[in-house]
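Examination of the molecular architecture
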Amino acid sequence: MSDISVAGAGMAGLVAAARLRELGRRVVLREKGSRVGGSMLLSSCVVFRHREFAAFRAECPGGEETLQRLVWERLDDAVEWLVARGAPVVWEETGNPRTVGKRFDPRGVVNALAGEVVLGADGRVDGPLILCTGGFAASSELVARYVEPAAPLRLRANAWSSGDGLLLGLERGAALTPGMADFYGRNMPDAAWDETELVALSQLYGRFARIFDEDGIEFFARDDVSWSETNLVAATARRRGAKAYYVLDEAALAERVRDRTVADLVAVAPAEARVPLADLPFEPPAGAVAAVRVIASITHTIGGLGVDERARVLRRDGLPIDGLWAAGVDAGGIATGGYASGLAQALVLGLAAAEDAARWFDSG
Ligand SMILES: Cc1cc2nc3c(=O)[nH]c(=O)nc-3n(C[C@H](O)[C@H](O)[C@H](O)COP(=O)(O)OP(=O)(O)OC[C@H]3O[C@@H](n4cnc5c(N)ncnc54)[C@H](O)[C@@H]3O)c2cc1C
């Protein structure tokens, strides 16, 4: 029996490798980084779907409907699969009325899916391969080419997902999906922070703020900020310096985001990002009492390699490339135009890729 190669030991790769082992196949899991877990290990690890499929479609209207349906329909069973493997559940529900799913302990997910991993190994192999390299957020060059921000975006993810899967797919004739400019990210304090602070420092209260750019233009109305705030992040990325100022009055500071007030969230932002009103590069609006300078940060890309429901990478003529699959963020075009769970996409497509690769070997 030949080995099946999986490139990338983040969410999708760990899932694909575990499923292949479960199906009795030999698998070589190659990880470029110095640790397993990818961005999943840094994440809040809420694996979710929209409560209604229609809401998913409405929120991500540019996405490929058949793939959205696959993720939406298969997620609940996939989550149970993860639980059955021993992944520790932290919350039984997402805490968001729009969505259904569970929050896991990320380290526990890694342990539950653990198997042999070759660390520090490029996933580029000649044979049959499942690409799970996590997209291209960590490549400032590819982000500049496809996302076209006004200035380089800060990386809010693992450092190794620099588009290796995308480039390998393109070399083998793959098609790219629509929506290559889309990304998921957060506005973060314009200050120094490290990968342990990616969740805690997310500035997720733009919907209560007045939002200005470096030129003093109020470029985004708070009423237009989506619940995930990703539309504001995308707009910030296109302003000078990819930066914005959130200007807050007393009422805004008293608003609540889950169990904290906006004032609490402002207080944890590093001091360099909390700008005295007198130092703003524009006249603050009446009633302003606080301002935070934020910078658009990228967690993962949304466009990527075109795949079908079996996670097979598609050529420009729509036919699958023999022996090449993509799962997780390497597979593009699912959340196009909006926001959906990257972990759900990685889980469902990781399973689908493994199952199809196992069939491919049987038939070959
Ligand atoms: C702070 C934060 C919070 C988040 N919160 C959530 C959340 O609550 N819910 C949610 O759904 N999503 C969340 N996400 C997003 C989620 O983590 C990603 O969508 C998910 O991890 C994508 O899975 P993946 O397998 O595609 O990529 P990853 O998990 O990032 O794994 C990719 C792996 O590929 C490796 N790799 C790259 N290139 C190569 C190569 N050439 N060869 C071998 N290996 C390679 C990388 O080192 C990495 O280990 C969050 C992310 C962050 C950073």
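Our structure's up above, just so we're on the same page.
Residues numbered from 1 in each chain as written. Predicted model: local features only at pLDDT ≥ 70, side-chain atom pairs only at ≥ 80, totals over all residues. Heavy atoms only, no water.

Moving on, we come to the site of the ligand. Near the ligand, the surroundings consist of 39 residues, among which Glu31, Val46, Asp164, Val329 and Ser341 are the closest. Contact distances for the ligand include 2.5 Å between an oxygen atom and a side-chain N or O atom of Glu31. In this structure, Gly38 approaches the ligand through a main-chain N or O atom, which is 3.4 Å from an oxygen atom. Contact with the protein chains removes 98% of the 1000 Å² of surface that the ligand exposes when unbound. (Near = heavy atom within 4 Å. Polar contact = N/O pair within 3.5 Å; in protein donor to acceptor, adjacent residues only side chain to side chain. Areas by Shrake-Rupley, 256 points an atom, 1.4 Å probe, with all protein chains shown as cover.)

Spatially, the three strands line up as an open sheet ordered E3-E5-E4, and their pairing is antiparallel. Looking along the sheet, the strands with just one partner apiece sit at the ends: strand E3 (46-50) and strand E4 (89-91). On average, each strand axis in the sheet is tilted by 30 degrees relative to the strand beside it, whichever way the strands run. Sheet topology places E4 next to strand E5 (residues 99-104); two bridges connect them, and they run antiparallel. Each bridged residue has a counterpart across the sheet, and for Trp91 the counterpart in E5 is Arg103. Its contacts with the sheet place helix H3 (residues 65-84) against E3, E4 and E5, and it is angled at close to 155 degrees to E3. (Pairing = 2+ DSSP bridges. Helix = DSSP H or I, 4+ residues; strand = E, 2+ residues; numbered from the N terminus. Axes fitted to C-alpha atoms, helices over the stretch in contact; angles between N-to-C directions. Contact = heavy atoms within 4.5 Å.)

Once that is clear, we can look at the environment of Phe282. Looking at the element boundaries, Phe282 is found in the loop between helix H9 (262-268) and strand E15 (288-301). By relative accessible area, Phe282 is classed as buried at 11%. Phe282 sits 21 residues away from Gly303 along the chain, and the two C-alpha atoms are 36 Å apart. (Buried < 20%, exposed > 50% of the residue type's maximum accessible area, 1.4 Å probe, protein only.)

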